[in-house]
Amino acid sequence: KFTKWLKASAGYIFIYSHSLDEKKTKWDDPLIIDGIGTYYDYNKCLVAFQNAYHYYAHSNSDPHMAYALLDIGIAYWNLEEPTLAEENFNNALQMAISLQDGNLQNICYQNLIALYDNNGDVDRCGEIIEILNSQFDTAQLSSCTLGAMAGYYAKLNDYNRADSYL
């Protein structure tokens, strides 16, 4: 039978499609766990995403491991654990870079800039903005990220540049 799992995480929606039968393969298990994770509270999400990460690691699926790390970071962020969120975002980012996954890199950078902006870390925000400006077109960035970028330049009293992101 064919099943689709819908997972919403930090404003992104992922649909996992896979075939399930009576004898589930190990490959199906993390998709189910990952898909179920977001329907519960953030503590349960964290456990589900960590379990998914371990299944992916066992399956040697680096792309899925990287996305699971991103989800773990988002869960930690929602649990108000910014240090652990940042650690997982950076780990996902390093994997995305090694996998040459531009989409995941973009998502990781956007989560990092939102985290730094939320924590008032202007220096780190500026570092990420430089990377985003050099590697991505503004059309590829979320409105939240563009707002954080505008806020960064406004804090530096560079209102013309801030206005260019609005």
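Heads up: the structure comes first, above all this text.
Only a predicted model underlies this, so the values are computations on that prediction, with no experimental measurement involved. (Residues numbered from 1 in each chain as written. Predicted model: local features only at pLDDT ≥ 70, side-chain atom pairs only at ≥ 80, totals over all residues. Heavy atoms only, no water.)

Enquirer: Would you take a moment to explain the packing of helix α5 (residues 102-118) against helix α6 (residues 122-135) for this structure?
Expert: Relative orientation and spacing of two packed helices are given, respectively, by the angle between their axes and the distance between those axes. Two elements in contact, α5 and α6, have axes whose closest approach is 9 Å; the angle formed by their N-to-C orientations is 150°. Our classification of the angle between α5 and α6 gives roughly antiparallel. Classified by chirality, the crossing of α6 by α5 is left-handed. On α6, the residues that touch Gln-105, Tyr-109, Leu-112, Ile-113, Tyr-116 and Asp-117 of α5 are Arg-124, Cys-125, Ile-128, Ile-129, Ile-131, Leu-132 and Gln-135. Considering only residue class, the contact of α5 with α6 consists of 9 nonpolar, 2 polar and 2 charged. (Axes fitted to C-alpha atoms, helices over the stretch in contact; angles between N-to-C directions. Helix = DSSP H or I, 4+ residues; strand = E, 2+ residues; numbered from the N terminus. Parallel < 35°, antiparallel > 145°, perpendicular 65-115°, else oblique. Left-handed = near helix turned anticlockwise from the far one by under 90°. Contact = heavy atoms within 4.5 Å. Nonpolar A, V, L, I, M, F, W, Y, C, P; charged D, E, K, R; others polar.)

Enquirer: What should I look at first to understand the side chain of Asn-106 in this one?
Expert: Along the chain, Asn-106 falls in helix α5. A distance of 3.1 Å separates the side chain of Asn-106 from the backbone oxygen of Gln-140, its partner in a polar contact. (Polar contact = N/O pair within 3.5 Å; in protein donor to acceptor, adjacent residues only side chain to side chain.)

Enquirer: Would you mind going over the pattern of salt bridges with me for this structure?
Expert: Working definition: two side chains of opposite charge can pair if their charged atoms are close together. Enumeration over the complete set of coordinates arrives at 2 salt bridges. Of the charged contacts in the structure, one is a salt bridge between Glu-86 and Arg-124, with a shortest N-O distance of 2.7 Å. Placement of Glu-86 in helix α4 (residues 82-99) and of Arg-124 in helix α6 is noted, with a sequence separation of 38 residues between them. Owing to a relative accessible area of 35%, Arg-124 belongs among the partly exposed residues under this scheme. (Salt bridge = Lys/Arg side-chain N within 4 Å of Asp/Glu carboxyl O. Buried < 20%, exposed > 50% of the residue type's maximum accessible area, 1.4 Å probe, protein only.)

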